[in-house]
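Fold and geometry: a report
In case you want the letters, here they are:
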Amino acid sequence: MTRTVHETAHLSWLARVCSGVGTLLSTEYPSPPIAVAYVSKPSIRFPRRVGFLSEKERSWRLTSGCNVSSPHPRRSLILPRALVPFLFRMRRHLRVVSSRYCLPTSSLAAVVGAARRQSTAATPPEIGHLPTAASHSHPLSPAEVPSATIGGRSSAIVSHIHEAQVGKIVQFGGDAREYMLNGVERISKAVSVTLGPKGRNVVIRQPNGEPKITKDGVTVARSIAFDNEFEDVGAKLIRQVAAKTNTVAGDGTTTATVLAWSIFAQGYKAVATGANPMDVKRGIDTAVALVCKALHENARPVKTIDDVRNVATISANGERPLGELIADAVTAVGSDGFLAVLEGQGQKTEWYRPDGWSLEQGFAASQRSLATGSDNSGSASAIVPSNLAVPGTMTAPFLTNLLKLQTELDNPLVVVLNHAFSDVSVTVTLLEAALSQRRPLLLVATQLHPDVILTMEQNHKGGVVLCCALELKGDVAAMEDLAAVCATTPLSPEALSRLSVDGVAAVAGTAYRFVQSIDSTVVTHHRSGAAVASSLAPRVLFLEQKMQRTANEDEREALKARIAKLTGRFAVIRVGGQTAVEREESKDRVIDALNAAAAAISGGIVAGGGTALLHASRQLDTLLAADEDMPQDRRSGILIVRNAARLPMRIIADNAGVDGPVIIENVLEMNDAAKGYDAQNELYVDMFQAGIIDPLRVVRSCIEDAASIAGLMITTEATVCNDRGMPLAPPHEL
């Protein structure tokens, strides 16, 4: 984007004013003023994300008197003087006055005062002697404000000061819709290249970390934002389509995005030529209802595991081994189960079903080299027994199986504490109780003092009592579930202080087997499955009722995972790959395939590859032919949905390098809802026999969500956005 003369002049002026020992620039999110002052430190590090400040940096800002009236002192952004041009890219967070960046009275007074003293003093002012609003309470005239020369022309940066809030810009009618359409088209084109078996990848530059390579539509959509706020409105609405489809169906986000694009683009043209937008929307709603009815009529139930395997394979971009793995995992846990997808350490993608309650945390996360005093936040290159450890390495002091690098305890005595634990004398009491019963000891707490771990380690190595310690920092839910599995309750500090050797057995729990590895912990229930079901039934019922009352989708997923762990319907898929980027891309495909498989099991399947929507659009042709007296605007709405329903197959064919319109005509001539085009092998086949199928819930959600958002965009007559102080180009020139 080309900078205007005013922007360049202001940046040049800021750079000149802020030159010196160092500058602290703070902006309050989301639309606060900017404050500028000098500090005595020669450089200040720029945090990678907004909202994270160290205590020292925060104290510098407060000591300097910059924006001390802010109600949110921690929500700020610190920039060094070398990053002053970054203000141009951060202009959405700055107060804008008269098409120029402006500072409030108090902050501008501080800047001007500091600039004057810089010109007369050899050293910049100290932190405690910065100018405040009181020293410059009167309005400053243009002559008092520094100016910058651009191309031989001098321009005053600020002509007057306004204390008002950020202004708004309103666009009406066709301009409002055209700006939105520009944003919708740009984001949809980026998403549509991923559609189909021969779709391409999209590389996304991450704010932190390595670039991300993905074919997931919702991931691409969420990563796109535009500087033009009116275009960004359209992009955000399209992101809502993808996000809602992903929430409801778990897959199909790319199809939903291109459908919304097509419906809105055609609706925009219809309204621009004089059609009534409300009648057009009524036609769209009528057509969508008819298409969904046709989809239900053409759907088939999932009868065999091969159907699940085919759905997972298609959603995983045709990768057959991955589809088979997912089908096996989904079949193992059932429709009510839960599959956790995690990044693995190797090159191969694997899945396993824990034999009991499990936790995706091993001794790599909870046990460190105590001799060196390391904490739980570091990382290590190797896991070794503690007697072989060197400073800086991660240790596993309670290993019992050196070949598998695991801690294995049979019939352990389980003590769960709901607080940080540091009492060595109580630890000795627990060890004595375990020794008297000739059982291993498992101690669980939010945090364990190194002396406690060391005491347990010495008894473990000496063969007195086999031990293991598990820290669950901040994970109260996991601690409560573990206590329920072991038929005990978390102990408070008061109860623990009164505990005796003979009383440990009354408050401690038990488990059939405990296994801890580098990245997982498994607690196996008692031998009898019926006994486990009866003992955990109250806990499971409590979580199910809580899940029914929870509206937040993330909380529902977490509760579903906890229920699956307690009932034994939980499994883990660890995604492998050569590099971290490859593993992350594979992880996105695995999640989509899992969601598609679950949707197929619960709602049935239809022909894939855009075939189901294409054949369903035949019903709209029949409707239009049967009702010749239908109002023209409503007829336009039905034609919009008919054309949009045929777009996914066209894009799939285009991405495969063939002529999309020709493919569509050939498939329509077959007059069979099961017949479609196999873009991978470039053949016309029976889609069910070829295994090219989609879940009914995914396809239905795509057309419903896309029509809902696009219909609202068509009926939009005004758009309100923040005034950033930049002249907007006409929408047709963007």
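Counting restarts for each chain: residues are numbered from 1 in the order of the written sequence. Local features in a predicted model are, by the rule used here, given only for residues with pLDDT of at least 70; side-chain atom pairs are given and counted only at 80 or more, and totals for whole chains, interfaces and linings are based on all residues. Hydrogens and waters are ignored; side-chain quantities use all the structure's heavy atoms.

**Section: the overall build of the chain**
Runs of E in the DSSP output that reach at least two residues are strands. Runs of H or I that reach at least four are helices, and both are numbered from the N terminus. Helix and strand counts for the chain come out as 26 helices and 29 strands. When a residue's accessible area, from a 1.4 Å probe over protein chains only, is under 20% of the maximum for its type it is buried; when over 50% it is exposed; and in between it is partly exposed. Here the chain, with 734 residues, has 51% of them falling under the buried criterion. Of the contacts formed within the chain by residues at least 6 apart in sequence, a portion of 73% connects residues at least 24 apart. Per-residue accessibility takes into account occlusion by the displayed protein chains alone, with areas from the Shrake-Rupley method and a 1.4 Å probe. Total accessible area on the chain is roughly 33,500 Å²; 52% of this is exposed by carbon and sulfur atoms. In what follows, residue pairs with any heavy atoms lying within 4.5 Å of each other are defined as contacts.

**Things to note about the nonpolar core**
We call a set of buried Ala, Val, Leu, Ile, Met, Phe, Trp, Tyr and Cys residues a nonpolar core when their side-chain atoms join them within 4.5 Å. Formed by 60 residues in total, the largest nonpolar core has its most connected members in Ile263, Phe264, Ile284, Leu295, Leu613 and Val641. Here this core takes 11 residues from helix α26 (residues 696-714), the largest share from any one element. Phe264 has contacts with Arg177, Met180, Leu181, Val184, Ala710, Met713 and Ile714, leaving out every residue within four places of it along the chain. Ranked by size, the runner-up nonpolar core spans 51 residues in total, among them Val415, Met479, Leu499 and Phe514.

**Overview of helix α9 (residues 277-298)**
Because an α-helix completes one turn every 3.6 residues, residues spaced three or four positions apart along the sequence face the same direction. Its 22 residues give α9 an end-to-end C-alpha distance of 32 Å, which sits within 8% of 32 Å, the value for a rise of 1.5 Å per residue. Buried residues in α9 make contact with α8 (253-272), β25 (605-607), α21 (611-616), α22 (618-626), α23 (632-645) and α26. Capping of α9 at its N-terminal end is provided by Asn276; its side-chain oxygen lies 2.9 Å from the backbone amide nitrogen of Met278. By this rule the span expected of a helix is its residue count minus one, scaled by 1.5 Å. Two N or O atoms count as a polar contact when they lie within 3.5 Å, although within protein this holds only if one can serve as hydrogen donor and the other as acceptor, and sequence-adjacent residues are included solely when both atoms are side-chain atoms.

**Comments concerning helix α14 (residues 450-461)**
Look at α14: 16 Å from first C-alpha to last across 12 residues, which is about the 16 Å you get at 1.5 Å a residue. Here α14 has its buried residues at Val452, Ile453, Thr455, Met456, Glu457 and His460. Where α14 is buried, its residues contact β17 (420-421), α13 (424-437), β18 (441-445), β19 (447-448) and β20 (467-471). One or two steps after α14, the chain reaches Gly463, where phi turns positive at roughly 75°.

**Brief notes about the pattern of salt bridges**
For this document, the term salt bridge refers to a Lys or Arg side-chain nitrogen within 4 Å of an Asp or Glu carboxyl oxygen. Counted by the stated rule, this structure contains 24 salt bridges. In this structure, Asp306 and Arg309 form a salt bridge, with 2.5 Å as the shortest nitrogen-oxygen distance. Placement of both Asp306 and Arg309 in helix α10 (residues 305-315) is noted, with a separation of three residues, approximately one turn of the helix. Note on Asp306: relative accessible area 42%, which makes it partly exposed. Across the salt bridge formed by Arg642 and Asp621, the nearest N and O atoms sit 3.0 Å from each other. Taken as a pair, Arg642 in helix α23 and Asp621 in helix α22 lie far apart in primary sequence, 21 residues in all. Relative accessible area serves as the criterion here: at 28%, Asp621 is assigned to the partly exposed category. Among the charged side chains, a network of salt bridges with common partners joins Glu480, Asp481, Arg539 and Arg562.

**A few points about the sheet that holds strand β10 (residues 338-343)**
Strand order in the open sheet formed by three strands is β10-β24-β11, with mixed pairing between adjacent strands. The open sheet terminates on both sides in strands that have one partner only, identified here as β10 and β11 (350-352). Between one strand and the next, the sheet's axes are offset by a mean angle of 20°, whatever the strand orientation. What makes two strands pair is DSSP finding at least two bridges between them. Relative to strand β24 (residues 570-575), β10 runs parallel, the two sharing six bridges. Counterpart to Phe338 in the pairing with β24 is Phe570. The convention used is that axes are lines fitted to C-alpha atoms, helices contributing only their stretch in contact, and that angles between N-to-C directions extend from 0 to 180 degrees.

**Digging into unusual backbone geometry**
At Asn411, a position not held by glycine, the phi torsion is positive, near 50°. With respect to the element layout, Asn411 can be found in the loop between β15 (407-410) and β16 (413-416). One non-glycine residue, Asn671, adopts positive backbone phi at about 55°. Summarising the element assignment, Asn671 is placed in the loop between α25 (660-670) and β26 (675-678).

**Side note on the packing of α8 against α23**
Relative orientation and spacing of two packed helices are given, respectively, by the angle between their axes and the distance between those axes. At a minimum axis separation of 9 Å, α8 and α23 run at an interaxial angle of 145°. Handedness of the crossing formed by α8 with α23: right-handed. Residues Leu259, Ser262, Ile263, Gln266 and Gly267 of α8 lie in contact with α23, whose contacting residues are Leu639, Ile640, Asn643, Ala644 and Ala645. Residues belonging to the contact of α8 with α23 are distributed by class as follows: six nonpolar, four polar and no charged. For any pair of crossing helices, the crossing counts as left-handed if the nearer helix is rotated counterclockwise from the farther one by less than a right angle, and right-handed if it is rotated clockwise. Polar here means any residue other than Ala, Val, Leu, Ile, Met, Phe, Trp, Tyr, Cys and Pro, which are nonpolar, and Asp, Glu, Lys and Arg, which are charged; Gly is therefore polar.

**Some words on the sheet that holds β18**
The strand order across the open sheet formed by four strands is β20-β18-β16-β21, and the pairing between neighbours is mixed. Where the open sheet ends on each side, the last strands, each with one partner, are β20 and β21 (509-510). Looking at chain direction, β16 and β21 are connected through two bridges and run antiparallel. Paired with Leu413 across the strands is Thr510, a residue of β21. Each of β18 and β20 touches α14; the most contacted strand, β20, lies at about 155° to it.

**Side note on the packing of aromatic side chains**
In this description, a pair of aromatic rings is defined by centroid distance and the angle of the planes. In this analysis, rings of Phe, Tyr and Trp, with Trp reduced to its six-membered ring, are considered paired at centre separations within 6.5 Å, and the interplanar angle assigns stacked below 30 degrees, edge-to-face beyond 60, and tilted for intermediate values. One pass over the structure, following the stated rule, counts three aromatic pairs. Ring centres 6.1 Å apart and planes at 5° place the aromatic pair Phe338 and Phe570 in the stacked group. Taken together, the positions of Phe338 in strand β10 and Phe570 in strand β24 put the pair 232 residues apart, joining distant regions of the chain. With relative accessibility at 16%, the residue Phe338 sits in the buried group. One cation-aromatic arrangement involves Arg300 over Phe688; the distance from NZ or CZ to the ring centre is 3.8 Å. Cation over ring: Lys565 sits above Phe570, and NZ or CZ is 5.1 Å from the ring centre. Counting as a charge over the ring demands two things of the Lys NZ or Arg CZ atom: a distance within 6 Å of the ring centre and an angle within 35 degrees of the ring normal.

**What about the side chain of Thr427?**
Assignment of secondary structure puts Thr427 in helix α13. Each residue touching Thr427, except ones within four places of it in the same chain, is listed here: Phe421, Val452, Thr455 and Met456.

**What to know about the environment of Asp410**
In this structure, Asp410 sits in strand β15. Residues Asp410 and Tyr512, 102 residues apart in the sequence, show an inter-C-alpha distance of 6.1 Å. Here the side chain of Asp410 touches Arg513 through a polar contact of 2.5 Å, side chain to side chain.

**Brief notes about the side chain of Lys281**
The topology assignment puts Lys281 in helix α9. Other than its neighbours up to four places away in sequence, Lys281 contacts Gly711, Leu712 and Thr715.

**Section: the confidence of the model for the chain**
Averaged over every residue, the pLDDT of the chain is 74; the share at 70 or more is 70%. Each residue carries a pLDDT score, the predictor's own confidence in it, on a scale running from 0 to 100. Below pLDDT 50 for its whole length, residues 368-394 participates in 47 contacts with residues either more than four positions away or in separate chains.

**Remarks on a nonpolar patch on the surface**
Only residues whose relative accessible area exceeds 30% and that take part in no salt bridge are eligible for patches, with like-charged residues grouped when within 9 Å of each other and nonpolar side chains (Val, Leu, Ile, Met, Phe, Trp, Tyr) grouped when within 5 Å. Together, Val170, Phe172 and Val720 give the surface a local cluster of nonpolar side chains, amounting to about 290 Å² of exposed area. Position of Phe172 among the secondary structure elements: in strand β7 (residues 168-172). The exposure class assigned to Phe172 is exposed, which follows from its relative accessible area of 56%.

**As for the environment of Gly274**
Among the structural elements, Gly274 can be located in the loop between α8 and α9. Residue classification places Gly274 among the exposed positions, given a relative accessible area of 62%. Gly274 sits 359 residues away from Asp633 along the chain, and the two C-alpha atoms are 9.1 Å apart.

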